[in-house]
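Structure at a glance
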Amino acid sequence: MEAVELARTIRNRDPARPSWPEAILCYAGLHAVLWHRLAHGLWRSGLKGLARFVSHIGRFLTGIEIHPGARIGRRLFIDHGMGVVIGETAEIGDDVLIYHGVTLGGLSGQPGKRHPTVGNGVAIGAGAQVLGPILVGDGARIGANAVVTKDVPAGCTVVGIPARPPAGSLCADPTVGYGITHPEDDPVGEQIAAMRAELAALRSRVAELERQPVTMR
């Protein structure tokens, strides 16, 4: 029974270590996958209107939007899940981990393949945007808030905007879904930190000038 398999995956992968009742009853990601199985079956049977309606119910109940045409493998773990969007031609392999706010979206309004293909064992961090008919290879990792528009090789980790490997190396940190391993690997964070440092220096200089006595001429 798929619900049991999904619950086992949640218990194995979630650090909160929920009980069996919690995993089955309290995880929106599990419910979203089950609703999708029903919607996808209807879609493949040609009942596309009914499939969209079932998908709409699943989105209303879970906050996770999965198009009934999307193909999803086994043991998908959508952690938290609110705001996840998976497009019509997206394909997801087995044992994939997706955090909240992720979009597997398209860049084109043309018919045909326009959404990503995600391999087995991939982890996609919170808020990441994976866009276009690209391939994310087996075991790849996508950092939080990354924007990915190009293929990601198998086993590679990418972070930032645009997404790229951090300093040319792989990331083995399991918390990549909530952030990235090292702040220096985030180019946007680097720029913000530099601006904050410059602002602090300017404030210090202004304060120093304000303390100096005013010379009357």
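Residues numbered from 1 in each chain as written. Predicted model: local features only at pLDDT ≥ 70, side-chain atom pairs only at ≥ 80, totals over all residues. Heavy atoms only, no water.

**A short note on unusual backbone geometry**
Convention followed: Here a helix means four or more residues in a row that DSSP labels H or I, a strand means two or more in a row labelled E, and each is numbered from the N terminus.
With an omega of -10 degrees, the peptide bond between isoleucine 161 and proline 162 qualifies as cis. Within the fold, proline 162 resides in the loop between β14 (157–158) and α5 (187–211). Located in the positive-phi region is arginine 17, a residue other than glycine, with phi close to 50 degrees. Tracing the backbone shows arginine 17 in the loop between α1 (2–13) and α2 (20–25). Residues other than glycine seldom take positive phi values, yet arginine 75 does so here, at roughly 60 degrees. Secondary-structure assignment places arginine 75 in the loop between β2 (71–72) and β3 (77–78).

**Section: the pattern of salt bridges**
For the record, the criterion: Any carboxyl oxygen of Asp or Glu within 4 Å of a side-chain nitrogen of Lys or Arg constitutes a salt bridge here.
Counted under the stated rule, the structure contains seven salt bridges. Where aspartate 95 meets arginine 75, a salt bridge forms, and the shortest distance between an N and an O atom there is 2.5 Å. Highlighted residues: aspartate 95 in the loop between β5 (91–92) and β6 (97–98) and arginine 75 in the loop between β2 and β3, separated in sequence by 20 residues. One network of salt bridges, with partners in common, ties together Glu5, Arg74, Arg75 and Asp95.

**Here we look at the sheet that holds strand β9 (residues 123–124)**
Inclusion rule: Note on pairing: DSSP must find at least two bridges between two strands before they are called paired.
The five strands are arranged β3-β6-β9-β12-β14 in an open sheet whose pairing can be described as parallel. Of all the strands in the sheet, just β3 and β14 have a single pairing partner and so form its edges. Pairing of β6 with β9 involves two bridges; the strand directions are parallel. Bridging from a neighbouring strand, isoleucine 98 pairs with isoleucine 124 of β9.

**Quick word on the packing of α1 against helix α3 (residues 28–44)**
Selection rule: For helices, the fitted axis covers only the stretch in contact; all axes are lines through C-alpha atoms, and the angles between them, taken along N-to-C directions, range from 0 to 180 degrees. Here roughly perpendicular refers to angles of 65 to 115 degrees, roughly parallel to angles under 35, roughly antiparallel to angles over 145, and oblique to all remaining angles. Handedness of a crossing is defined here by the sense of rotation of the near helix relative to the far one, left-handed for an anticlockwise turn of less than a right angle and right-handed for a clockwise turn. Any pair of residues with heavy atoms lying within 4.5 Å of one another is described as a contacting pair. The residue classification treats Ala, Val, Leu, Ile, Met, Phe, Trp, Tyr, Cys and Pro as nonpolar and Asp, Glu, Lys and Arg as charged. All others, Gly included, are polar.
The geometry of α1 relative to α3 is characterised by a closest axis approach of 10 Å and an angle of 150 degrees between their N-to-C directions. Relative to α3, α1 is oriented roughly antiparallel. Here α1 runs over α3; the crossing is right-handed. Residue-level contacts link Glu2, Ala3, Leu6, Ala7 and Ile10 of α1 to Leu30, Val33, Leu34 and Arg37 of α3. Among the residues making up the contact of α1 with α3, the classes are represented as seven nonpolar, no polar and two charged.

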